[in-house]
Amino acid sequence: MLSVGGVNIYGAYFSEPGDNVDCNTASDILWGSEASLAGGVNAVDDPQNAIDGDTSTYAELHATVSVLGKTHITALYPITSIAGDSVRVVFQNPGGLLNLDLLSSALTIRTFLDNEDNGILDLDANVLKLSLLPGDSDVQIITYPVNVLFNRIQVAIGEGVATALGALRVYDLSSIMKSPEVTSPQFVDDVAYACYGNPVTLNIASPLANSIYRWYTVAAGGTSVFTGTSYAPDTTIAGTRFFYVSEMRNGCTDETGRTPVKLVVLPSYGNPDIAIEHTTN
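Residues numbered from 1 in each chain as written. Predicted model: local features only at pLDDT ≥ 70, side-chain atom pairs only at ≥ 80, totals over all residues. Heavy atoms only, no water.

With respect to the pattern of salt bridges
Inspection of the entire model under this criterion finds six salt bridges. The salt bridge involving Glu-60 is made with Arg-169; its shortest N-O contact spans 3.4 Å. Of this pair, Glu-60 sits in strand β5 (residues 59–62) while Arg-169 sits in strand β13 (residues 167–176), and the two are 109 residues apart along the sequence. Exposure remark for Glu-60: the relative accessible area of 14% places this residue in the buried category. Judged by its relative accessible area of 23%, Arg-169 falls in the partly exposed class. With its nearest N and O atoms 2.8 Å apart, the salt bridge here joins Arg-249 to Asp-85. Here the residue Arg-249 occupies a position in the loop between β21 (239–248) and β22 (259–266), and Asp-85 occupies one in the loop between β6 (70–76) and β7 (86–92), the gap between them amounting to 164 residues. Exposure remark for Arg-249: the relative accessible area of 6% places this residue in the buried category. (Salt bridge = Lys/Arg side-chain N within 4 Å of Asp/Glu carboxyl O. Helix = DSSP H or I, 4+ residues; strand = E, 2+ residues; numbered from the N terminus. Buried < 20%, exposed > 50% of the residue type's maximum accessible area, 1.4 Å probe, protein only.)

Things to note about the state of the cysteines
Summed over the entire model, instances satisfying the criterion amount to one disulfide. Linked covalently through their sulfurs, Cys-23 and Cys-252 form a disulfide whose S-S length is 1.9 Å. Judged by the torsion about the S-S bond (-100 degrees), the Cys-23/Cys-252 disulfide is left-handed. One end of the pair, Cys-23, is in the loop between β2 (7–9) and β3 (28–33); the other, Cys-252, is in the loop between β21 and β22, with 229 residues separating them in the sequence. This pair shows no difference in class: Cys-23 is buried, exactly as Cys-252 is. (Disulfide = S-S within 2.5 Å.)

Details of the packing of aromatic side chains
Scanning all chains against the criterion turns up four aromatic pairs. Pairing Trp-215 with Tyr-231 gives two aromatic rings, centres 5.4 Å apart and planes at 35 degrees, and the pair type is tilted. One end of the pair, Trp-215, is in strand β18 (residues 212–216); the other, Tyr-231, is in strand β20 (residues 230–231), and 16 residues separate them in sequence. A relative accessible area of 0% means that Trp-215 is categorised as buried. Ring centres of Phe-226 and Tyr-231 lie 5.3 Å apart, and the angle between their planes is 20 degrees; on these two criteria the pair is classed as stacked. On the basis of relative accessible area, Tyr-231 is assigned to the buried category, the value being 11%. Through a chain of ring-to-ring contacts, the aromatic side chains of Trp-215, Phe-226, Tyr-231 and Phe-243 assemble into a single cluster. It is Arg-258 that lies over the ring of Tyr-216; its NZ or CZ is 3.5 Å from the centre. (Phe/Tyr/Trp six-rings, centres within 6.5 Å; stacked < 30°, edge-to-face > 60°. Lys NZ or Arg CZ within 6 Å of the ring centre and 35° of its normal.)

Encoded structure:
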């Protein structure tokens, strides 16, 4: 430990982004408190549990004595997001469930681009998704799209809010890459229609350079049937089918979620048989 001007420095490091990494998973976590804690308790218990990918374990944040102080965990990610990527926080309030109205008065979520603070997320109920972790009655999930670039996510309690929590458990803190958007000249209300045997094209909207786009016939698992930004499925099979596309960004080993696309191929009716009876020359 190094003491400089009354500030205790317990460690310092820098990290550089690399290739072939799991881009949705944090590479490291920072934690701490900006004020004294009651009874000398730890600011954060088991901080690494917030980024271990296991939603049965958690990090626990403890509130500070100071009204203006905060306790935080800050997850660092190996790549910078793009606009529309989401923050996902799996959390539990030991005092009970939080509804949308209580969220902003109980905890704060920030994003950073390196050390640049993007500010507290305005948890807009029209955009925010708040749900329960499957199989649990009191573990909640926040998913929130962010339109600024970030490579760090911070969750904190305190910061002077009026009804700050005494503690907060964070089971998972992750960045979620947005799924690709699909367009098609044959779209009608986001459904692609084609006559039997006529060509149809499914295109990636605004594809990223160096990203890989994989097309599937199943929502999960399976083997991709095509790789590229424009896919022309077989239209000699009449009926309704679904295709799915994911993106793998440059340097990442993980794919985004798969975007579903509905294709309806109208049947071929052939040439009608015409019978003419009772004709005379």
